[in-house]
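Next come the chains, spelled out residue by residue.
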Amino acid sequence: MDRRTLDRRTFLGTAAALSLAAPALRAQSGPLRFIFPFAAGGAGDALTRIVADEVGRALGEPAIVEARPGAGGQIGTQAVTNSAPDGRTLLLTPIAPVVIHPIVFPQLPYDPVRDLAPVSLVTTFDFALAIHPDTPAKTLAELVAWLKQDPRRATYGSPGVGNLPHFFGALLAEKIGVPLVHAPYRGSAPALTDLVGGQVPMVITTTSDVTELAKGGRIRILAVSGRERSPFLPEVPTFTEAGIAIAGSAWYGLFAKAGSPPEMVGRISRAVMAAMRDAAVKEKVLGLAMVPTGSTPEELGRIQKQDIADWTPAVKASGFRPT
């Protein structure tokens, strides 16, 4: 047997071993995991699935979505902070878990600035105050009068404790002089289910989660939180227009575990930005009553830190203390 035969056999054997090892290596890396830290079924969950599909397609990799609700978004957020720093486990979250929670929860088991790597801003949106259509109030002023007649009615639902809708409710209570009772849910979907069913008289949540229900006549929206009227609900006044000076918008952002490879973070960020510029994707996102954005990791990092600074005075002024 000559050397060429041996070399050929060695080459074929090595190639066969590598071909068998390749699936195992791929299995070790696994699919991209997009974690949404609230209950499935709402607009945020739908947005996560859109982004996962687009990023997975752009990177040529499988992508799965996991709804991990609990503790106002802390359970899902911590799942990402505890993950491997490989850029493959991603958190698609609204503002609260990464901006508000470090202000109000001194024992938070993670630091969202230290333990997460910004990837891309995804969308912006407003909040809305919604009531059951049978409630005898057509305006915010009429609702306030109705609540003052019987303070036992003064309960509002939100997607979770320590989130921006929670604090809008706390600030609303301060402005109108009615002690509103907060009923936290594990996401917008269960809160709105109870609103439609009449188990809770009002809910404060994102405009994206209430728009279709309002169009179908199943709920009534009295005010939105932006400084200007929402393009998705142009007939609804802002809180300020309705006589109560509360204003502020929010966003969804995509984060990875801190220490993830910058090249992986950059690839995902570019995929998100490209998706938010795509006409078909924009149509889907606008259909969720959100404005598609996209950003560099650096831009999202600046926005996150600035919002922590901006929201700290308002949250502290609300007097909220976690139990």
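We now turn to the structure provided with this report.

What counts, and where the lines are drawn
- Residues numbered from 1 in each chain as written.
- Predicted model: local features only at pLDDT ≥ 70, side-chain atom pairs only at ≥ 80, totals over all residues.
- Heavy atoms only, no water.
- Buried < 20%, exposed > 50% of the residue type's maximum accessible area, 1.4 Å probe, protein only.
- Helix = DSSP H or I, 4+ residues; strand = E, 2+ residues; numbered from the N terminus.
- Pairing = 2+ DSSP bridges.
- Right-handed = clockwise from strand over helix to strand, strands pointing away.
- Expected span 1.5 Å × (residues − 1).
- Bend = angle between axes of the 7 residues up to and from the residue.
- Contact = heavy atoms within 4.5 Å.

Considerations on the pairing of strand β5 (residues 127-131)
Across the five residues of β5, five count as buried, placing the element largely inside the fold. Burial of the side chains of β5 extends over both faces: Phe127, Leu129 and Ile131 are buried on one face and Ala128 and Ala130 on the other. Pairing geometry for β5 and strand β8 (residues 202-206), over five bridges, is antiparallel. Bridged to Leu129 within β8 is Ile204. Looking at chain direction, β5 and strand β9 (residues 220-224) are connected through four bridges and run antiparallel.

Details of the pairing of strand β7 (residues 181-184)
Both strand β6 (residues 155-158) and β7 contribute to a ladder of four bridges, which runs parallel. The partner of Thr155 across the bridge, within β7, is Val181. Each parallel crossover has a hand, and the one from β6 via helix α7 (residues 164-176) to β7 is right-handed.

Thoughts on helix α12 (residues 297-317)
Counted at 1.5 Å a residue, the expected span for α12 with its 21 residues is 30 Å, and the 31 Å between its end C-alpha atoms agrees. At Trp311, α12 is deflected by roughly 35 degrees, the largest bend along its length, and proline Pro313 occurs up to four residues later in sequence. If you check which residues of α12 are buried, you get Pro297, Leu300, Gly301, Gln304, Asp307, Ile308, Trp311 and Val315. On its buried side, α12 packs onto α4 (96-104), α5 (112-115), β4 (116-125), α7, β10 (250-257) and α10 (262-277). Gly319 sits one or two residues past α12 and shows a positive phi near 80 degrees.

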